[in-house]
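Report on the structure
Spelled out from the first residue to the last, the chains are:
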Amino acid sequence: MPDTKKIYTDSGILINSLYTKKNIVEPADELPGQFPFTRGVQADMYRGKLWTMRQYAGFSTAEESNKRYHYLLSQGVSGLSVAFDLPTQIGYDSDHALSEGEVGKVGVAIDSLEDMEILFAGIKLEEVSTSMTINATGFILLALYVALAKKQGADLNKIAGTIQNDILKEYAARGTYIYPPKPSMRIITDIFEWCAKDLSKWNTISISGYHIREAGSTAVQEIAFTLSNGKAYVQAALEKGLDINVFGKRLSFFFNAHNNLFEEVAKFRAARKMWANIMKELGATDPKAMMLRFHTQTGGSTLTAQQPQNNISRVTIQTLAAVLGGTQSLHTNGYDEALSLPTEEAAKIALRTQQVVAYESGVADTADPLAGSYFIESLTKEVEDAAWQLIHKIDAMGGSVAAIEKGFIQDEIAKSAYEYQRQIEKGEKIIVGVNKFISEDASKTPGFKIDDSIREIQAEKLKALKQRRNNDKVEALLSALNAAASGKENIMPIVIEAVDNYATLGEIADELRKVFGEYK
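Residues numbered from 1 in each chain as written. Predicted model: local features only at pLDDT ≥ 70, side-chain atom pairs only at ≥ 80, totals over all residues. Heavy atoms only, no water.

A contiguous nonpolar surface patch, about 280 Å² in accessible area, is contributed by Ile430, Val432 and Phe437. The topology assignment puts Phe437 in the loop between α16 (408-425) and α17 (454-468). Under the relative-accessibility criterion, Phe437 is labelled exposed at 55%. (Patch = residues over 30% accessible without salt bridge, like charges linked within 9 Å, V, L, I, M, F, W, Y side chains within 5 Å. Areas by Shrake-Rupley, 256 points an atom, 1.4 Å probe, with all protein chains shown as cover. Salt bridge = Lys/Arg side-chain N within 4 Å of Asp/Glu carboxyl O. Helix = DSSP H or I, 4+ residues; strand = E, 2+ residues; numbered from the N terminus. Buried < 20%, exposed > 50% of the residue type's maximum accessible area, 1.4 Å probe, protein only.)

The structure is reproduced here in structure tokens:
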């Protein structure tokens, strides 16, 4: 009797009970390291170099975060990933009235170069790769990092890392924007232009599907909306007269890894192929400018407060999805992150999960080990086709900026989030420990708490800083920034000079609020 049960992925793709070669539409004869890079961006993938193992960390003061960074580096982390608190993300100093209750809570508080000096004390910036999850104020944090590198006597051409710098997904999914879309895009292209000349190894943007997925999108929507945003950034850079073969090499992506192992692997493979074709269509001729290189973080929204130790298993599946999908960099979440910031123990287990997969599982021994699977090849094609349909819809609206302004992307994410939650509440989707296999034992997992006194500490530091810096020089530089932003001059050199003279993050963000206004 034939199987009549219908099973779908969260993206609505129907899964057959069996796959054969009849399900593969195209022959899977592509090679890793070659256009269109479906099978990976390196010919030998992890045999040549493992992915960068990052741990996303940042909390409280720069002093406390610095201790965690030294601990992680001692445990084998090969790249740092900095989380910033909410005031830092939206351009307020810690002593601002709107910062109350948020200082140091979801990341580290950074108000000035003084905080940056403390954050990286004892860490040579030439020797680490640093990823900074920062968007609206990404240009200021990059300026702070560059100013610190210069103080350390570093060669700027050896400084490696990434700023997220992806403002479009903030309007669509996350909300930490400051300025309206057009001036925000201008700031981003200023960063592209400055880095191409002065910071050659820096990834100028991490075009992020992660937060789109966290907001409730499906896997298909995650890559469709992210690649559409990427296309908008490339078009803005081309309009500024930048060379796609130069800035294209410094674009990177940031994706989520969820629990449906095969759909996630298919998603990563499809995204690479699609981006290579998008870049080719936009005029790229250098294969390195067509490569989709990406960082992955395991899915925060998949973690449960109920039976939190189960999250270790979830993170392991998600780690496998990212590695089998060909990621260049990976952060694994702590099992306790549905309850609080990760404890040191949880961060260590998360890192050890990557190390076990890298050194014990065998999945890193050959490039794209799932290639040729009837199921994976078929699913890659279905994910790709569904994502193209969405991209064509967005293109018809005038691109990502227009689609966001019309509310289309936000509405699509909201519909998917609603449907996912409905399925959980109806028991159609099983979440272990939440709506099935429930136990009455209350969690004994200890939480990681941040003291509210952090704001007072930061405010005192700011007061002392403003008393000893050259305030006339700071005022003159802020005026020069206003003039540059009001015209067409690249703002990055002035921002770097301003932070080098201890202008604060809030002062610089406020100066641009005067020029650009705030997005409501």
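Continuing now.
The next subject is helix α1 (residues 62-74). The terminal C-alpha atoms of α1 lie 18 Å apart, and with 13 residues this matches the ideal 18 Å at 1.5 Å per residue to within 8%. Within the span of α1, buried status applies to Ala62, Ser65, Asn66, Arg68, Tyr69, Tyr71 and Leu72. Of the residues flanking the end of α1, it is Gly76, one or two places downstream, whose phi is positive at about 110°. (Expected span 1.5 Å × (residues − 1).)

In this section: the packing of aromatic side chains. Two numbers describe a pair of aromatic rings. These are the distance of the centres and the angle of the planes. With the rule as written, the count across this model stands at 18 aromatic pairs. Plain terms: the ring middles of Phe192 and Phe247 are 5.9 Å apart, the flat faces sit at 10° to each other, and that makes the pair stacked. One end of the pair, Phe192, is in helix α6 (residues 181-198); the other, Phe247, is in helix α9 (residues 244-247), and 55 residues separate them in sequence. Across this residue pair, the class does not change: Phe192 and Phe247 are buried. Centroid distance Phe268 to Phe294: 5.0 Å. Interplanar angle 20°. Geometry classified as stacked. Placement of Phe268 in helix α10 (residues 261-281) and of Phe294 in strand β10 (residues 294-298) is noted, with a sequence separation of 26 residues between them. Here the two residues Phe268 and Phe294 agree in accessibility, since each one is buried. In this structure an aromatic cluster arises from ring pairing among Phe253, Phe255, Phe268, Trp275 and Phe294. Over the ring of Phe437 we find Lys436; its NZ or CZ atom is 5.5 Å from the centre of that ring. (Phe/Tyr/Trp six-rings, centres within 6.5 Å; stacked < 30°, edge-to-face > 60°. Lys NZ or Arg CZ within 6 Å of the ring centre and 35° of its normal.)

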